[in-house]
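# Survey of secondary and tertiary structure
Below are the chains, spelled out letter by letter.
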Amino acid sequence: MGEPVSCAAVQAFYEALASRDPVRLAQCLADDVEWHMSGPVDVLVFCGYRRGKAAVVDYIARLVPSMFAVKRYEPEEIVIDGDTAAMISNVTSVQKQTGRILTYQTAVFVVFRDGKVVSVKGLSDTFDMAEQVVGHRIDAYREPDPAAAKDVIAL
Amino acid sequence: MNRVTPVIETAHQASGRAIPAWLRRFYEAFLLRDERELDAVLDERVDWLLEGPAEQFDHYGRRHGKRAVIELITRIMPCYYQPAAFSLDCLLIQGDASHGNVATRIRMRARQRDTGRALSLRSAQFIRFKGGLLTWFRAVPETFDAIEQMVGRSIDVSRAIETGPTVPRDLSLAPDGGAVDDER
């Protein structure tokens with residue numbers, strides 16, 4: 001582990017994250033920051049891997065807000081140990097395309113170096129998120145339909 | 001009870017920190033499904049939440065109290081899989097067993113009961129200890145990946161759960177006991 005991170009640095013980062021303000025975010029991130037949200041990127045486009053300050057700021061301040069308006073970002077538990085902070089949060093967003101309200105929990109582990117964020121790894125109940133994004137309950141057990149004749153292409 | 005030796009590893013960022021005995025005791029009791037040890041580790045009023053679609057996989061969801069959590073770990077969860085090992089990618093600890101908060105990013109290796117398939121399930125776990133007992137547990141698993149592993153194929157998100165009457169229309173009864181008129 002590196003140098004212990006201060007509560008103030010952790011707080012500043014989470015406030016910048018909630019604000020979606022690119023200037024505040026850029027001040028908190030290291031140039032080589034890595035950001036990884038686990039999940040199915042074909043269903044939840046905000047999942048996946050980003051590297052570098054510009055890519056991460058673009059992701060948080062432009063890409064995510066273009067799809068979701070975050071209305072509430074409320075930490076439920078924060079644990080800080082050494083250079084790393086972990087937080088579990090309750091989030092409420094509005095899906096801009098449909099106006100649907102999404103509520104979900106997300107957990108992030110954030111590593112700091114010299115007061116700047118160098119790594120963020122996030123996990124969420126992605127099945128629940130996918131259901132909310134597509135707008136219906138997903139039947140996990142249902143087998144896919146056999147290919148219909150119209151779907152078969154002869155080469 | 002599972003008699004296999006539990007495997008609890010630390011890796012990456014967690015490697016610099018040994019797992020304290022009070023936390024190891026919980027994870028070992030979990031892996032061994034040891035009712036006596038779980039009884040000793042869990043608080044009587046433990047608040048437990050494993051995020052996930054509980055209506056389709058009933059090991060997900062909220063449990064209140066020691067009895068319910070022990071039943072979950074020893075009887076409900078093994079209906080889906082047999083946990084074999086925990087690998088902690090990240091381990092954060094504030095305080096100790098008397099009053100402590102723990103956050104872990106963890107990978108559980110397990111064997112699916114029905115198919116024998118190996119599962120590798122990722123989650124973030126937040127745990128509170130008080131007076132030497134586990135009082136609060138929150139886990140946020142990567143559920144989409146977990147469920148794809150459990151059902152053994154990709155999930156088609158267009159597949160909606162079919163909702164509607166659970167009683168076939170021709171068996172529905174009118175309030176007076178007569179058959180329902182289809183035109184109603």
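Everything in this summary refers to the structure shown in the same document. (Residues numbered from 1 in each chain as written. Chains lettered and ligands numbered in written order. Predicted model: local features only at pLDDT ≥ 70, side-chain atom pairs only at ≥ 80, totals over all residues. Heavy atoms only, no water.)

### Describing the overall build of chain B
Where we set the bar: Runs of E in the DSSP output that reach at least two residues are strands. Runs of H or I that reach at least four are helices, and both are numbered from the N terminus. Any two residues having at least one pair of non-hydrogen atoms within 4.5 Å are treated as being in contact. Reported accessibility uses the Shrake-Rupley method at a 1.4 Å probe radius. Residues are deemed covered only where the shown protein chains occlude them.
Per the secondary structure count, chain B includes four helices and seven strands. Start at the N end of chain B and walk to the C end: the helices and strands fall as β-α-α-β-β-α-β-β-β-β-α. Sequence-distant contacts in chain B: of pairs separated by 6 or more residues, those separated by 24 or more amount to 57%. When the accessible surface of chain B is summed, it comes to about 9,100 Å², and 48% of that surface belongs to carbon and sulfur atoms.

### Some points on the packing of helix α4 (residues 126–134) of chain A against helix α4 (residues 143–151) of chain B
Stated formally: Working convention: axes come from line fits to C-alpha atoms, limited for helices to the stretch in contact. Angles between N-to-C directions cover 0 to 180 degrees. Between 65 and 115 degrees an angle is taken as roughly perpendicular, under 35 as roughly parallel, over 145 as roughly antiparallel, and anywhere else as oblique.
Interhelical geometry of α4 of chain A versus α4 of chain B gives an angle of 100° and a closest axis separation of 6 Å. When the axis of α4 of chain A is compared with that of α4 of chain B, the two are roughly perpendicular. Contacts between α4 of chain A and α4 of chain B involve Thr 126, Phe 127, Asp 128 and Ala 130 of chain A from the former and Thr 143, Phe 144 and Ile 147 of chain B from the latter.

### Considerations on the pattern of salt bridges
Residues and elements named next belong to chain A. How we decide: Whenever Lys or Arg places a side-chain nitrogen within 4 Å of a carboxyl oxygen from Asp or Glu, that contact is recorded as a salt bridge.
For the structure on display, the rule yields 22 salt bridges over all chains. Where Arg 51 meets Glu 34, a salt bridge forms, and the shortest distance between an N and an O atom there is 3.8 Å. Residue Arg 51 is located in strand β2 (residues 48–51), and its partner Glu 34 is located in strand β1 (residues 29–37); the two are separated by 17 residues in the primary sequence.

### Some details on the environment of Glu 143 of chain A
Tracing the sequence through the fold places Glu 143 of chain A in the segment after α4. Along the backbone, Glu 143 of chain A and Tyr 73 of chain A are 70 residues apart, and their C-alpha atoms lie at a distance of 36 Å. Glu 143 of chain A has contacts with Arg 153 and Arg 159 of chain B, leaving out every residue within four places of it along the chain.

### Considerations on the interface of chain A and chain B
Interfaces are often sized by the amount of accessible area the parts lose when they come together. Selection rule: Take the accessible area each of two parts loses on contact, using a 1.4 Å probe, and add the two losses: that sum is the buried area. Two N or O atoms form a polar contact when they lie within 3.5 Å of each other; inside protein one atom must be a possible hydrogen donor and the other a possible acceptor, and for residues adjacent in sequence the pair counts only when both atoms belong to side chains.
Contacts between chain A and chain B engage 40 residues on the former and 42 residues on the latter. Where chain A abuts chain B, roughly 3,700 Å² becomes buried across the two surfaces, and 58% of that area is made up of carbon and sulfur atoms. Linking chain A to chain B there are three salt bridges. Measuring nitrogen to oxygen at the nearest pair gives 3.6 Å for the salt bridge that ties Arg 138 of chain B to Glu 76 of chain A. For the pair chain A and chain B, the interface holds 18 residue pairs in polar contact (both at pLDDT 80 or more).

### Some remarks on the pairing of strand β5 (residues 101–113) of chain A
Each regular strand displays side chains that alternate between the two surfaces of the sheet. Residue and element names in this part refer to chain A. Quick note on the threshold: Type-normalised accessible area, obtained with a 1.4 Å probe on protein chains alone, sets the label of each residue: buried when under 20%, exposed when over 50%, and partly exposed for intermediate values. When DSSP locates at least two bridges between a pair of strands, those strands are taken to pair.
Here β5 lies mainly inside the structure; ten of its 13 residues are buried. Two elements, strand β4 (residues 84–95) and β5, share eleven bridges in a ladder whose sense is antiparallel. Bridging across to β5, Thr 92 finds its partner in Thr 103. Remark: five residues form the turn of the hairpin made by β4 and β5, two consecutive strands paired antiparallel; Gly 99 in that turn has positive phi of roughly 80°.

### Looking at the nonpolar core
Spelled out, the test is: Side-chain atoms within 4.5 Å are what join buried Ala, Val, Leu, Ile, Met, Phe, Trp, Tyr and Cys residues into a set we call a nonpolar core.
Formed by 89 residues in total, the largest nonpolar core has its most connected members in Phe 13 of chain A together with Phe 26 of chain B. Here this core takes seven residues from helix α1 (residues 21–32) of chain B, the largest share from any one element. Apart from the residues within four sequence positions on either side, Phe 26 of chain B is in contact with Val 41, Leu 42, Trp 48, Ile 127, Leu 134 and Phe 137 of chain B. Counting residues in each nonpolar core, the second largest holds 13 residues, with Ala 86 and Ile 88 of chain A together with Ala 103 and Val 140 of chain B among its members.

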